[in-house]
Amino acid sequence: MEEFFLALWAVAILGPLVWAWKEKASLAMAMTLSLLFGYIVQLIWNWTGNAYLIVHLFMVPANVESGAIHTLITSGFIHSPWDPLHVLGNIIIIALVGIPLEERLGRKRWLASYFIGLLGGSIAWTLANPGSFTPALGASGAAFGILGAYLAGWPKDEVYFPFII
């Protein structure tokens, strides 16, 4: 059962990104879909009572220090099932800031900004909490990375954020 959900989760996350890359579509929009689809699979997986995600894919500083380096990336595609507003907030930021940023930077540099933010957030959490078993998860580091890239490149621009209830 673990293998099935892990494969489904990987397809949900990688599918939109692979499609966007092949079709030369927006990677920022594909990333928002990846996060949303991955979250849906994660919710279903969570309802089965299986703790694989928590044990193997959440980023925990003590585990990173013990060699679980992959979690520096995988944690950016996992969100707390008890906090759907977190994933929604990440998706909104990535869509509203990421799409215009990708148009200005290009696909490769946008992707680099995204993953630098993701890795930077994970590494910063690990360094600030050595030996801790408090997990870090979500795409907030990546979202702040693209926000920072946009601000650094175009500090006087305004990004429209519609009122969302």
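Residues numbered from 1 in each chain as written. Predicted model: local features only at pLDDT ≥ 70, side-chain atom pairs only at ≥ 80, totals over all residues. Heavy atoms only, no water.

Participant: Go over the pattern of salt bridges, please, and point to the residues and values.
Facilitator: This model, assessed by the stated rule, comprises one salt bridge. Where R104 meets D157, a salt bridge forms, and the shortest distance between an N and an O atom there is 2.4 Å. With R104 in helix α6 (residues 84-105) and D157 in the segment after α8 (140-153), this pair connects stretches of sequence that are 53 residues apart. Residue class for D157 comes out partly exposed when judged on its relative accessible area of 32%. (Salt bridge = Lys/Arg side-chain N within 4 Å of Asp/Glu carboxyl O. Helix = DSSP H or I, 4+ residues; strand = E, 2+ residues; numbered from the N terminus. Buried < 20%, exposed > 50% of the residue type's maximum accessible area, 1.4 Å probe, protein only.)

Participant: So, the environment of F58: which residues are in play, and what are the values?
Facilitator: As for its position among the elements, F58 is in the loop between α3 (52-57) and α4 (61-65). Residues within four places of F58 in sequence aside, it is in contact with L53, T71, S75, I78, P135 and L137. (Contact = heavy atoms within 4.5 Å.)

Participant: Describe the packing of helix α1 (residues 2-23) against helix α2 (residues 27-47), and please don't skip the residues or the numbers.
Facilitator: At a minimum axis distance of 8 Å, the contact between α1 and α2 shows a crossing angle of 170°. In this view, α1 runs roughly antiparallel relative to α2, as classed from their interaxial angle. Here the hand of the crossing between α1 and α2 comes out right-handed. Contacts between α1 and α2 involve E2, F5, L6, L8, W9, A12, I13, P16, L17, A20 and W21 on the former and, on the latter, L27, A30, M31, L33, S34, F37, G38, V41, I44 and W45. In the contact of α1 with α2, the residues fall into 18 nonpolar, two polar and one charged. (Axes fitted to C-alpha atoms, helices over the stretch in contact; angles between N-to-C directions. Parallel < 35°, antiparallel > 145°, perpendicular 65-115°, else oblique. Left-handed = near helix turned anticlockwise from the far one by under 90°. Nonpolar A, V, L, I, M, F, W, Y, C, P; charged D, E, K, R; others polar.)

Participant: Which residues make up helix α7 (residues 107-128), and what are the values?
Facilitator: Helix length check: α7 (22 residues) gives 31 Å between terminal C-alpha atoms against 32 Å at 1.5 Å per residue, within 8%. Along α7, the positions that sit buried rather than exposed are R107, W110, S113, Y114, G117, L118, S122 and T126. For α7, the secondary structure elements touched by its buried residues are α1, α2, α4, α5 (71-74), α6 and α8. (Expected span 1.5 Å × (residues − 1).)

Participant: Can you break down the packing of α6 against α7 residue by residue, with the values?
Facilitator: Taken N-terminus to C-terminus, the directions of α6 and α7 make an angle of 135°; their axes are 7 Å apart at the nearest point. On the basis of their axis angle, the class for α6 and α7 is oblique. Crossing angle aside, the handedness with which α6 passes α7 is right-handed. Contact residues: I94, G98, L101, E102, R104 and L105 in α6; R107, R109, W110, S113 and Y114 in α7.

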